[in-house]
Amino acid sequence: MLGIERMNIEKSPRFVSNLTRSTLALIMAGGHGERLKHLTMWRAKPAVPFGGKFRIIDFPLSNCINSDIRRIGVLTQYKAHSLILHIQRGWWQFRGEFGEFVELWPAQQRIEASWYSGTADSIYQNLDIIRSHSPEYILILAGDHIYKMDYGEMLARHVESGADVTVSCIEVPIEKASVFGVMSIEDNFRIKSFEEKPKNPVPLPGNENEALCSMGIYVFNRDMLFELLIRDADTPESSHDFGNNIIPHAIKNYRAFAHPFADTKSDTQPYWRDVGTVDAFWEANLELIGVTPEFNLYDEEWPIWTYQEQLPPAKFVFDSDDRRGMAVDSMVSGGCIISGALVRHSLLFSNVNVNSYSKIQSSVILPNVSIGRNCKINHAVIDKGCKIPEGTVIGEDIEEDKSRFYVSPNGVVLVTPDMLGQVIHHVR
């Protein structure tokens, strides 16, 4: 982690509680997620299932709840129906009389007859709603990352430093940093430079292998954010984006500070994943099944909340030498039936049926999938609702797979119902 001493933040729960009650969190969840290919053909990226029974949006929402931030707006745009249904079903239990809410803010063309033209524009077009809630601080979050973070600590740092804007940051290998906003900071964590997605990222001082990158998590003082957004909206040449426009201008003209994302107990960098590609999605899901995974879903101190169907326990049936229902080194969710089949080093979401003599290896199987007899599936992601015909082989002949399915750069085979000729989404 950074070779700089962390700021001495007062840990008083009352102090942090007052800050979080004065904060409005805005989760930008309208992204297309094109790099996830066919997984986002019918859903927004934040609505993509993850981790056996969750959606990606559940992670920033859970961070808000666990940080005692209970005024949340979710900004939607692209193919938001499944995301809206999920939030309505699983996140409705707030007490409105106590000022708690999770509100859905769809793109409504409130200011102009156009959709959101950038991340900053999505906030600008909802300034009237933000004003109606009278927050003192505004926490802006991406809706498509997997991590655990106490936003209360970031708010405390923001206030203690006297910042106008605080940007959460992580250290990223230099060869991967060009897809992030890269910054450099002074000894007191004040940001002195920022470049969005540079071709040649600036490395950390004394460490040419790492760069300091923005996580797309920002805390703004309310009035300053309004000023920045209005100025940006009046700038015709702007792309109306936080990374390209808002943050660079704030660094030059206001007090902008960095908040290193670190484990408060060990001062190491905690788990954070952008599951924005098929390879990253497959890898992050399978990381969860490890003996001691870096990201612990069983953490009782920081639970991940979600909408959960009422399902029976997973069931494993048949126990003869050639027909034994079993799962090894795997996670299997409720409602699954492993019927005389072998599941190894895989993650099965809810309501997956695997029929006799089939073998599943190193794969991520999304909800409501049925796998017929005598199938062999390896190194794959099977999308929700697929019905895999008897005798299907996936992941053994890449050239054959490419003729039928999508194959990622690292050889992960993505299978969707449309690729199988199965129509589950009716557009007429």
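Structure's up top.
No experiment lies behind these values; they were computed from the predicted model shown. (Residues numbered from 1 in each chain as written. Predicted model: local features only at pLDDT ≥ 70, side-chain atom pairs only at ≥ 80, totals over all residues. Heavy atoms only, no water.)

Student: Would you explain empty space enclosed by the protein in this entry?
Tutor: The final tally for this structure, using the stated rule, is 1 cavity of 30 Å³ or more. Quantified by volume, the largest cavity comes out at close to 40 Å³. What lines the largest cavity is simply Leu228, Arg231, Asp232, Asn245, Ile246 and His249. Counting residues per element, the ones that place at least two in the lining of the largest cavity are helix H7 (222–233) and helix H8 (242–253). Looking at the lining of the largest cavity residue by residue, the classes come out as 2 nonpolar, 2 polar and 2 charged. (1 Å grid on protein atoms, 1.4 Å probe; cavity = no way out; pocket = protein on both sides within 12 Å on 5 of 7 lines; lining within 4 Å. Points joined across faces, edges and corners; volume = space filled by probe spheres on them. Helix = DSSP H or I, 4+ residues; strand = E, 2+ residues; numbered from the N terminus. Nonpolar A, V, L, I, M, F, W, Y, C, P; charged D, E, K, R; others polar.)

Student: Before we go on, may I ask you to explain the sheet that holds strand E30 (residues 406–407) in this structure?
Tutor: The strands making up a sheet are joined through hydrogen bonds of the backbone, oriented either antiparallel or parallel. Within the open sheet, the 6 strands sit side by side as E18-E21-E24-E27-E31-E30. Their pairing is mixed. Edge positions in the open sheet fall to strand E18 (331–332) and E30, since each of these has one partner strand only. (Pairing = 2+ DSSP bridges.)

Student: Help me out: how do you make sense of the sheet that holds strand E23 (residues 359–361) in this one?
Tutor: Across the sheet, which stays open at both edges, the 5 strands sit in the order E17-E20-E23-E26-E29 with parallel pairing between neighbours. Either end of the sheet is taken by a strand with one partner, and the two such strands are strand E17 (326–328) and strand E29 (393–394). Where E23 lies against strand E26 (residues 376–378), 3 bridges are found, and the strand directions are parallel. Its bridge partner lying in E26, lysine 359 is registered against lysine 376.

On their own, these measurements won't tell you what the molecule is for.
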